[in-house]
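# Coordinate inspection notes
Below, each chain spelled out in residue letters.
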Amino acid sequence: MAAGPDVQVLVLGGGPAGARAAQRLASAGADVLMLEAEDYGRNKLCSGLLNHEGQVALGCELPQSVRREPFEPRLEFHDLDSRLRRRYSPGYWNMDRPAFDAWLCDCAAEAGVRIEYGRRASRIECGPAGPQARVGSDVISARVVLDATGWRALSRKLLAPPELRSAPVVHAFQGSVHCDLPADSMWALFESDTTQYYGWLVPKGAGSFLLGAGFPQGADSTRREGDAALESDPDPWKKLSFVEASVAAAAGEELQHLDAKPLGCPITTITSTQQLWWGRELVFPLGEAAGLVSPSSGDGIHFGLEQANALADALSSSGLLEGRSSAGCSAQDSHQGMLNQVQARLRPALAELRFNCIKAWVAARPGPRRLAAQFMGLYLRRPVEQLAPVAVPAAEAQ
Ligand SMILES: Cc1cc2nc3c(=O)[nH]c(=O)nc-3n(C[C@H](O)[C@H](O)[C@H](O)COP(=O)(O)OP(=O)(O)OC[C@H]3O[C@@H](n4cnc5c(N)ncnc54)[C@H](O)[C@@H]3O)c2cc1C
């Protein structure tokens, strides 16, 4: 008799998508092994905001240790091209992202997931005996492999058809600053001459803020290499100097650097839902590995949580994990059966993602962005204010 796989479910990556799927599957009785490349409590570059959909998908309150003040910040939207400002409450929860991820991993461990930190998978393979992953010199086989490796998207690189093998990204840079701005609000700054995406300033308590910006690939060669460029840059803060100057000009406040240097990280930024990668033969990409990040806001945690819930529920009730599949049903047939259920449940999220692709197109263009901001102001009966003109630094001044 052929030996069974090493484990029922192998999860690669212990971010929100992987940890949530692992927890839910283990709670339903599955044997789950989760491998995380980094150490416990790893720092994930993120502004740490969880939107309403993410709060619903989470389904519980956040522990105090994960919350940051103000817990539900107001948003200052500044369009520095057209000098428009809108203020509203987007309903985000403000979190410490490393603490959030560590808490999700703790919840998974409590549910019975075996977690191994410092274990980076190098390959995922689909074979006649089922999927397997290589980790160092080990080969681990499983009934299903969940690829939750974030922007690195291991299965996309190895198993996707050529046209899907790489997803577009925006390169984000972020560092901590101190300033005396009112700490009840976060800021989103649009300025196409400089970031061509947007910049943000998010309060994290005690006068500290996360300052960041995203730069599309190809926007400017000095802004798109990510961490490697920052490591060798004698003054990495200059990557953010335009956003910093814009905040200082708009708010009349100087910012003080708290980190020696900001860090860089790509954000997967699809331009169409055709670029999503759904995996094959019982290798399921989850969260950012699938491409599920809003291209307009950069929010991705909620998509990962929603997809993890949907896939875990579909797998738990399928019999696949126990090795029961319909007679004559191939691995790809079983895969498609799971996907149909997941995509049906994600229909509202996918509709939102399609809308986000349009919003991202609008936000990258000053004219359409101005019209959209005015329309939203009227439609939502929230006043759009005209900012006083300020000199915005020119891109060449870098
Ligand atoms: C600067 C910035 C700000 C952001 N702000 C927000 C925000 O405020 N709100 C929001 O909702 N989203 C935000 N995002 C997006 C959000 O961070 C991602 O959508 C989210 O982290 C995706 O979760 P995930 O679990 O899919 O992947 P990740 O959180 O990236 O987790 C992937 C994990 O896999 C591990 N891994 C990678 N390769 C391997 C391997 N080969 N083997 C084993 N493990 C591996 C990694 O170490 C990592 O822990 C931001 C992103 C950036 C870059």
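Structure: above.
Residues numbered from 1 in each chain as written. Predicted model: local features only at pLDDT ≥ 70, side-chain atom pairs only at ≥ 80, totals over all residues. Heavy atoms only, no water.

## Some details on the overall build of the chain
The secondary structure content of the chain amounts to 10 helices and 18 strands. The buried share among the 398 residues of the chain stands at 53%. Restricting the contact set of the chain to residue pairs at least 6 apart, pairs at least 24 apart contribute 74%. Working note: accessible area of the chain is about 17200 Å², and carbon and sulfur atoms make up 52% of it. (Helix = DSSP H or I, 4+ residues; strand = E, 2+ residues; numbered from the N terminus. Buried < 20%, exposed > 50% of the residue type's maximum accessible area, 1.4 Å probe, protein only. Contact = heavy atoms within 4.5 Å. Areas by Shrake-Rupley, 256 points an atom, 1.4 Å probe, with all protein chains shown as cover.)

## Comments concerning the nonpolar core
Among the nonpolar cores identified, the biggest contains 57 residues, and Leu146 and Leu315 are the most heavily contacted of them. When residues of this core are assigned to their parent elements, the largest contribution, nine residues, is made by helix H7 (residues 301-316). Discounting residues that sit within four places of it in the chain, leucine 315 has contacts with Leu25, Val144, Leu146, Phe284, Leu320, Leu321 and Met338. Leu12, Ile124, Val135 and Leu164 belong to the second-largest nonpolar core, a separate cluster that totals 18 residues. (Core = buried A, V, L, I, M, F, W, Y, C linked by side-chain atoms within 4.5 Å.)

## Details of the site of the ligand
In the vicinity of the ligand lie 36 residues, with Glu36, Arg42, Leu49, Arg97 and Ala121 positioned nearest. One of the side-chain N or O atoms of serine 47 is found 3.0 Å from a nitrogen atom in the ligand. Within the complex, the protein chains bury 96% of what would otherwise be the 990 Å² of accessible surface of the ligand. Breaking the shell around the ligand down by element, the ones donating at least two residues are helix H1 (16-27), strand S2 (32-36) and strand S16 (263-268). Counted by class, the shell around the ligand contains 16 nonpolar, 10 polar and 10 charged residues. (Near = heavy atom within 4 Å. Polar contact = N/O pair within 3.5 Å; in protein donor to acceptor, adjacent residues only side chain to side chain. Nonpolar A, V, L, I, M, F, W, Y, C, P; charged D, E, K, R; others polar.)

## Regarding the pairing of strand S4 (residues 74-79)
Remember that side chains alternate between the two faces of the sheet whenever the strand is regular. For S4, the tally of buried residues reaches five of six residues, placing the bulk of the element in the interior. Relative to strand S12 (residues 185-190), S4 runs parallel, the two being bridged by six bridges. When the bridges of S12 are listed, arginine 74 appears paired with serine 185. Two elements, S4 and strand S5 (residues 84-88), share five bridges in a ladder whose sense is antiparallel. Residue histidine 78 lies in a different strand from S5, and its bridge partner there is arginine 85. (Pairing = 2+ DSSP bridges.)

## A few points about the pattern of salt bridges
For side chains of opposite charge, pairing can occur when their charged atoms come near one another. In total, this model carries 14 salt bridges according to the counting rule given. One salt bridge in this structure joins glutamate 125 and arginine 123, with 3.4 Å as the shortest N-O distance. Here arginine 345 makes a salt bridge to aspartate 313, at a shortest N to O gap of 2.8 Å. Of the two residues, arginine 345 is situated in helix H8 (residues 331-345) and aspartate 313 in helix H7; the sequence distance between them amounts to 32 residues. Look at aspartate 313 and you get partly exposed, because its relative accessible area is 28%. What you see here is one network of salt bridges that share partners, running through Arg24, Asp313 and Arg345. (Salt bridge = Lys/Arg side-chain N within 4 Å of Asp/Glu carboxyl O.)

## Let's talk about helix H3 (residues 97-110)
Here H3 contains 14 residues, and its C-alpha end-to-end distance of 20 Å stays within 8% of the 20 Å for a straight helix at 1.5 Å per residue. Residues of H3 that are buried: Arg97, Phe100, Asp101, Ala102, Trp103, Leu104, Cys105, Cys107 and Ala108. Looking at the buried residues of H3, the elements they touch are H1, S2, helix H2 (52-58), strand S7 (114-117) and H7. Measuring from the side-chain oxygen of the N-cap residue of H3 to the backbone nitrogen of alanine 99 gives 2.9 Å; that N-cap residue is aspartate 96. Immediately downstream of H3, the backbone of glycine 112 shows phi near 110°, a positive value. (Expected span 1.5 Å × (residues − 1).)

## Brief notes about unusual backbone geometry
Between glutamate 69 and the following residue, proline 70, the backbone shows a cis peptide bond with an omega angle of -5°. Mapped onto the secondary structure, proline 70 falls in the loop between H2 and S4. The backbone of alanine 206 shows a phi angle near 55°, a positive value even though the residue is not glycine. Inspection of the secondary structure assignment puts alanine 206 in the loop between strand S13 (199-203) and strand S14 (208-216).

## Looking at the environment of arginine 280
If you trace the backbone, arginine 280 turns up in the loop between S16 and strand S17 (283-285). The class of arginine 280 is partly exposed, set by a relative accessible area of 30%. Once the C-alpha coordinates of arginine 280 and methionine 186 are considered, the two residues, 94 residues apart in sequence, prove to be 40 Å apart.

## Side note on empty space enclosed by the protein
Evaluated as defined, the whole model comprises two cavities of 30 Å³ or more. What lines the largest cavity is simply Gly14, Glu36, Asp39, Tyr40, Gly41, Arg42, Pro98, Asp101, Ala102, Cys105 and Tyr117. Tallied by class, the residues present in the lining of the largest cavity amount to five nonpolar, two polar and four charged. For the second largest cavity, the calculated volume is near 40 Å³. (1 Å grid on protein atoms, 1.4 Å probe; cavity = no way out; pocket = protein on both sides within 12 Å on 5 of 7 lines; lining within 4 Å. Points joined across faces, edges and corners; volume = space filled by probe spheres on them.)

## Focus: the packing of H7 against helix H9 (residues 347-363)
Closest axis-to-axis distance for the H7/H9 pair is 11 Å, and the angle between their directions is 155°. Judged on the interaxial angle alone, H9 and H7 are roughly antiparallel. Here H7 and H9 pass one another in a crossing that is left-handed. Residues His302, Phe303 and Glu306 of H7 lie in contact with H9, whose contacting residues are Ala349, Glu352, Leu353 and Asn356. (Axes fitted to C-alpha atoms, helices over the stretch in contact; angles between N-to-C directions. Parallel < 35°, antiparallel > 145°, perpendicular 65-115°, else oblique. Left-handed = near helix turned anticlockwise from the far one by under 90°.)

## Quick look at the packing of aromatic side chains
Throughout the structure, instances matching the rule amount to three aromatic pairs. Ring plane angle 80° and centroid distance 5.6 Å describe the contact between tyrosine 40 and tyrosine 117, whose orientation is recorded as edge-to-face. Here the residue tyrosine 40 occupies a position in the loop between S2 and strand S3 (49-50), and tyrosine 117 occupies one in strand S7, the gap between them amounting to 77 residues. Judged by relative accessible area, tyrosine 117 falls into the partly exposed class, the value being 29%. Above the face of the phenylalanine 71 ring, arginine 67 is positioned so that its terminal group lies 4.3 Å from the ring centre. (Phe/Tyr/Trp six-rings, centres within 6.5 Å; stacked < 30°, edge-to-face > 60°. Lys NZ or Arg CZ within 6 Å of the ring centre and 35° of its normal.)

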